[in-house]
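Here is what each chain is made of, one letter per residue.
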Amino acid sequence: MSADSTPIAGATISLKGVTKIGKGHALADEAGRFELIAPPDGILTISFVGYKEQTVPISNRTNLDIYMVLDSAGLDEVAVVAYGTQKKSSMVSSITTVNPKEIKGPTSNLTTMLAGRVAGMIAFQRSGEPGQDNAQFFIRGITTFGSGKVNPLILIDGMESTATDLARLQPDDIAGFSVLKDASAASLYGARGANGVVLVTTKNGVGGKTKFNVRMENSISSNTQNFKMADNITYMQLANEAVLTRNPIGVLPYSQTKIDHTIAGDNPLLYPNNDWMKLLIRDYTVNQRFNGNASGGGQAAQYYISATYNQDNGVLKTDDRNNFNNNIKLRTIGVRTNVTVRLTPTTKAIVRTSGLFDDYNGPIGGGAKIFNEALTSNPVLFPAIFPSSDLPLVKHPLFGNAVLSGKDVFYNNPYAAMVSGFQQYNTSTLNVQLEVNQDLNFLIKGLTARAMAYTQRYSYFTLNRHYNPFYYQAFPTNTDPKGYTLSLLNEGSATEYLNYNEGGKTVNTTTYAEAALNYNQTFNKKHEVSGMLITILRNYLNGNAGDLQTSLPFRNLGVSGRFTYGYDKRYLVEANFGYNGSERFAAKQRYGFFPSIGVAWNVSNENFFSPLLDVISKLKFRATFGLVGNDQIGDDNDRFFYLSNVNLNDGGRGAYFGDNYGYNRPGVSISRYANTDITWEKAKTTNIGMDLTLFKNLNIVVDAYKQHRSNILMTRAYIPTTMGLTANVDANVGVAEGKGIDISMDYNKTFHHSWLQLRSTFTYAASKLLVNEEPEYPANMWYLSRVGHPLSEIYGLIAERLFVDDEEVANSPKQNYGEVAGGDIKYRDLNGDGEITDNDRINGLGYPTTPEINYGFGGSFGYHAFDFSVFFQGSARSSFMIDAKAITPFVLDGNDQHGLLKVIADDHWSEDNRNVYAFWPRLSPAVSNNNTRASSWWLRNGAFLRLKTAEIGYTLPAKTLKRWGLDGLRVYANGSNLFLISGFKLWDPEQGGNGLGYPIQRVYNIGFNISL
């Protein structure tokens, strides 16, 4: 078995000294088991492609547990590359390959396992809400901006896929996972490869008897961290303070009598004391995951069939009085069939079909809205709900509320809003692919041909159903034993039935075909030559686009090629090109040529290096340079830049005629001017890399790169208004660059009864804006320019501290953002004009919002049948802004009145505590425009380190499995997001500025794998 206890089917076991065929030899079966007649003092030799050969003495034993170690040279056999596979030893490009076992975890979402595990990938997760919990990931960061595509191209079995398709993919079904990072690796994709490429291949069938594998998991999920609210006594006291500190004669919102009754715990229905977080949110939820697959076949055909069912539930509470469920429930069903058929001795066909279906049920507006309302709802004006016994003849829930203004305007009751309805959406994705491979050795030795085509159909619809809650208000009375009577507030608008609201629908289809010729031949045992030529066409059609432009097909045509040459496994050269066309551009700009070149030197294969091989087992240097493109620029609703968009029937530009102005005709408006020069976004990338293996066990891969991104689409800023243009003009004028380094290390070692694996990655990806459409700022306002700064850096004022008192306010530069008093934020006058305006904002507060550093480290250890693994994930050099307006306490915002965060209650400026560095400025009953400006006051460091996963497992020994009739059984317990180290304490820092939404989940999980 492998180091992680996975059976190695097909391993060869030989008794040392026996050469006769059929005697002293055996092959491991699907469970890794073998039987061999051997003397007690015999020695076994075990070998398998990709693993180091093992020599094991029998030593009078009848049962042996043999763990094989990955061979850094042997495993270099093949990697998934653009339009095929390639020997790792002959690769010159920067490509990260990931073992599917490393991205397994207690989650239904594969993308949440990528951060820190893939060198060259920046990844982070902003939400833990089922269905909205995809991690964002970028290959070597982001080096473009605007409304175009910034994330990588994702191909699953050669089919262009979305991030959600990747998220729903099961690691059990993955055969290969590669990330193409440099131009040499991605230039074959030409116009689609500028942002990097993620390539995933799924498993094919293996000949032999049918082998079944089943995985079942059950997990408990809870929030990693909830934002903390102040107690409601403090809420009322500080709400009063907020009024008095701004207006000493202002009317207090809460009387001392109400505060005293609440402190005493008197009737909570008359003196509410709601903890909205406890009323709305569960402590935990339970989820299930099931995956099963079968593989087998004969010489003529092999098959791989899999099915998946996952159920992810939310942490929202429900009301038993309802006959529907308002909590989140996301059910995902996936099916996959890969069938390989040998049509002739030289012809092979592969049919791949897959289906993915999401069924979602949840609260109207989503789960993040519920968490947000826990903060933005008044906790002391009304109870969430009155007991049904208060009105026993009434069949509907008795929700609490109070009149906000007028007759029919009420406060938001977050509990009523959550349980009074639900929304649903369903998605369906169907893929059917046919691939045919033809061996053409009978024409030219080493020549093969391949053709592949697929169609993809996607559909989506959403709807919601809800009733209008009945709102009641309690009034004190001495005539009722319970001390209050209820008054119905909204008799005319409340309902007891569920209505129906139809939502959006999406229907689209993709059709794709490619045909390729491949050549691979070795001459005189030293000259390795290979080549590929491929042509592709793609057609995407939106079935309910809604307008003419987006209803037209999206099309791409292209021809790509690759040539490689290797001399004596020492000197390697690779050249690639992509020649692609897109319908988005004018005829003269429609096609783009994207070439690349790469070289590599296997130093360790040189004769002079032989004495060092025991220490430096492998040393390889690589260098590449190339050009790739991006045609997905701008907005789909504004695709055809070379065509004007003129509305000849614009009622808003019409005119009235006639004696009584009774005749009207629409006018003409222009929303786009033709620009035939707009073309591809281009990325020139240089990459230098090194592959190093020390002591045959420690593998190190280092890549350094620099990318120059040009032709970035931007709206022109230098066109004078005197030209009279009525629409913006766009052009390819933006320029940016990215640079960084990727490092991955892994160590593998097997001992007598144990094994050890260690691994780590480090990714640094920085960006810089070089050319921007912006005014020419004067010398004393240079800080307003975005040029020279990272692309996602934050724009805002520099806050020095809080004003000590009103006298300091009067003697400081005027701050033009409304009322300012002692305790409010004091800003720096950067241009020295004696006042604070938007001209004092600086571009370059903190770090970018997209992390510049991702890293991860961990390891696995096994002893006999037990295994244990941990993995840590970290992020650094990122900043985010706290939304001060969203957390401002006591503020009336529509039907909401904000609650009070504990951090504000504990640390705010007041007349009695004039702390000029307090977390929160002077309290106010309304939003302070001065204090909620984007500024360094609200800037926070997004760095963190978390224990991402930990797992312990036990694999039953072969003797027990045989007695039970099983090929394999492993039971395990694992968890994710188990603890966090960060300087930021309000919420999980990985959520960034989204901390008031649905938290990232901590998961405790048990499961088992069975092989039959």
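- The name an unreviewed UniProt entry gives the protein chain is TonB-dependent receptor, with Arachidicoccus ginsenosidivorans as the organism.
- Regarding the protein chain, the relevant UniProt record gives this comment under Sequence similarities (unreviewed entry): "Belongs to the TonB-dependent receptor family."
- As stated in UniProt under Subcellular location (unreviewed entry), the record for the protein chain gives "Cell outer membrane".

1. Focus on the overall build of the protein chain
Consideration 1: For the protein chain, the count of helices and strands is twelve helices and 53 strands.
Consideration 2: Taken over C-alpha atoms, the radius of gyration comes to 33 Å for the protein chain, in line with the 31 Å a tight globule of 1012 residues would show.
Consideration 3: Each principal axis of the C-alpha atoms in the protein chain carries an extent, and together these give about 105 × 75 × 60 Å.
Consideration 4: Within the protein chain, the proportion of its 1012 residues that are buried is 53%.
Consideration 5: Within the protein chain, contacts between residues separated by at least 24 positions form 70% of all contacts whose residues are at least 6 apart in sequence.

2. Some words on the nonpolar core
Consideration 1: Counting 80 residues, the largest nonpolar core has Tyr415, Ile882, Ile887 and Trp938 as its most contacted members.
Consideration 2: Per-element accounting of this core gives the leading share, six residues, to helix α3 (residues 232–246).
Consideration 3: When near neighbours in sequence (up to four residues on either side) are disregarded, Tyr415 contacts Trp276, Leu279, Leu280, Thr318, Asp319, Arg321, Ala384, Ile385 and Phe399.
Consideration 4: In terms of nonpolar packing, the next biggest core, distinct from the first, is built from 28 residues, Tyr83, Met159, Ala186 and Val628 among them.

3. Remarks on the side chain of Glu583
Consideration 1: Note that Glu583 resides in the loop between β30 (571–582) and β31 (591–602).
Consideration 2: Note on Glu583: relative accessible area 16%, which makes it buried.
Consideration 3: In terms of polar contacts, Glu583 uses its side chain to reach the side chain of Arg639, at 2.5 Å.
Consideration 4: Apart from residues lying up to four places away in sequence, Glu583 is in contact with Pro553, Phe554, Arg555, Arg590, Arg639, Phe640 and Tyr642.

4. Comments concerning the sheet that holds strand β12 (residues 174–180)
Consideration 1: Taken in spatial order, the five strands make up an open sheet running β7-β12-β13-β10-β11, and their pairing is mixed. Edge positions in the open sheet fall to β7 (95–97) and β11 (159–161), since each of these has one partner strand only. Neighbour to neighbour, the strand axes of the sheet diverge by 25° on average, direction disregarded.
Consideration 2: In the sheet, strand β10 (residues 153–156) pairs with strand β13 (residues 197–202) via four bridges, with the strands oriented parallel. Bridge pairing links Ile154 to Val198 in β13.

5. So, helix α6 (residues 367–375)
Consideration 1: Along α6, the residues that are buried comprise Gly367, Ile370, Phe371, Glu373, Ala374 and Leu375.
Consideration 2: Buried positions along α6 lie against β14 (208–223), α5 (276–280), α7 (414–419) and α10 (884–887).

6. Focus on the packing of α3 against helix α4 (residues 256–264)
Consideration 1: Close contact between α3 and α4 brings their axes to 10 Å; oriented N to C, the two are set at 165°. Looking at the two axes, α3 sits roughly antiparallel to α4. Once α3 is placed against α4, the crossing between them reads as left-handed. For the pair formed by α3 and α4, the contact residues are Ile233, Met236, Gln237 and Asn240 on the first element and Lys258, Ile259, Thr262 and Ile263 on the second.
Consideration 2: Partitioned by chemical class, the residues of the contact of α3 with α4 number four nonpolar, three polar and one charged.

7. Description of α4
Consideration 1: Along α4, the residues classified as buried are Lys258, Ile259 and Thr262. Axial view of α4: buried residues confined to an arc of 100°, hence all on one face. Along α4, the residues that are exposed and aim more than 90 degrees away from the buried face are Ile263 and Ala264.
Consideration 2: Here the buried face of α4 lies against α3.
Consideration 3: Residue Gly265 follows α4 closely and has a positive phi angle near 75°.

8. Quick word on the pairing of strand β45 (residues 853–863)
Consideration 1: Here strand β38 (residues 754–771) runs beside β45; their pairing, made up of eleven bridges, is antiparallel. By the bridge assignment for β45, Leu758 is matched with Gly859.
Consideration 2: Of the strand pairs in this sheet, β45 and strand β46 (residues 866–876) are connected by eleven bridges, and their pairing is antiparallel. When the bridges of β46 are listed, Tyr855 appears paired with Gly874.
Consideration 3: The turn linking β45 back onto β46 is made up of two residues, and His864 within it adopts a positive phi angle of 55°.

9. A closer look at the packing of aromatic side chains
Consideration 1: Taken as a whole and assessed by the stated rule, the structure comprises 34 aromatic pairs.
Consideration 2: An aromatic cluster of at least three residues, connected via ring pairs, comprises Tyr235, Tyr254 and Phe890.
Consideration 3: If you follow Lys482 out to its NZ or CZ, it ends over the ring of Tyr484, 5.4 Å from the centre.
Consideration 4: Sitting over the face of the ring of Phe554, Arg639 holds its NZ or CZ atom 3.5 Å from the ring centroid.

10. Observations regarding a nonpolar patch on the surface
Consideration 1: A grouping of Leu517, Leu533, Leu537, Leu557, Val559, Tyr579, Tyr591 and Phe593 is seen on the molecular surface, where their side chains present a nonpolar patch of about 720 Å² in accessible area.
Consideration 2: Residue assignment for the nonpolar patch shows that the elements contributing at least two residues are β28 (527–542), β29 (554–567) and β31.
Consideration 3: Here Leu517 lies in strand β27 (residues 501–523).
Consideration 4: Looking at Leu517, the relative accessible area reads 43%, which means it is partly exposed.

Criteria and cut-off values
Residues numbered from 1 in each chain as written. Predicted model: local features only at pLDDT ≥ 70, side-chain atom pairs only at ≥ 80, totals over all residues. Heavy atoms only, no water. UniProt positions renumbered as here; feature names shortened; annotations may be inferred. Helix = DSSP H or I, 4+ residues; strand = E, 2+ residues; numbered from the N terminus. Rg over C-alpha atoms; globule rule 2.2 N^0.38 Å. Buried < 20%, exposed > 50% of the residue type's maximum accessible area, 1.4 Å probe, protein only. Contact = heavy atoms within 4.5 Å. Core = buried A, V, L, I, M, F, W, Y, C linked by side-chain atoms within 4.5 Å. Polar contact = N/O pair within 3.5 Å; in protein donor to acceptor, adjacent residues only side chain to side chain. Pairing = 2+ DSSP bridges. Axes fitted to C-alpha atoms, helices over the stretch in contact; angles between N-to-C directions. Parallel < 35°, antiparallel > 145°, perpendicular 65-115°, else oblique. Left-handed = near helix turned anticlockwise from the far one by under 90°. Nonpolar A, V, L, I, M, F, W, Y, C, P; charged D, E, K, R; others polar. Arc of directions from axis to C-beta. Phe/Tyr/Trp six-rings, centres within 6.5 Å; stacked < 30°, edge-to-face > 60°. Lys NZ or Arg CZ within 6 Å of the ring centre and 35° of its normal. Patch = residues over 30% accessible without salt bridge, like charges linked within 9 Å, V, L, I, M, F, W, Y side chains within 5 Å. Areas by Shrake-Rupley, 256 points an atom, 1.4 Å probe, with all protein chains shown as cover. Salt bridge = Lys/Arg side-chain N within 4 Å of Asp/Glu carboxyl O.

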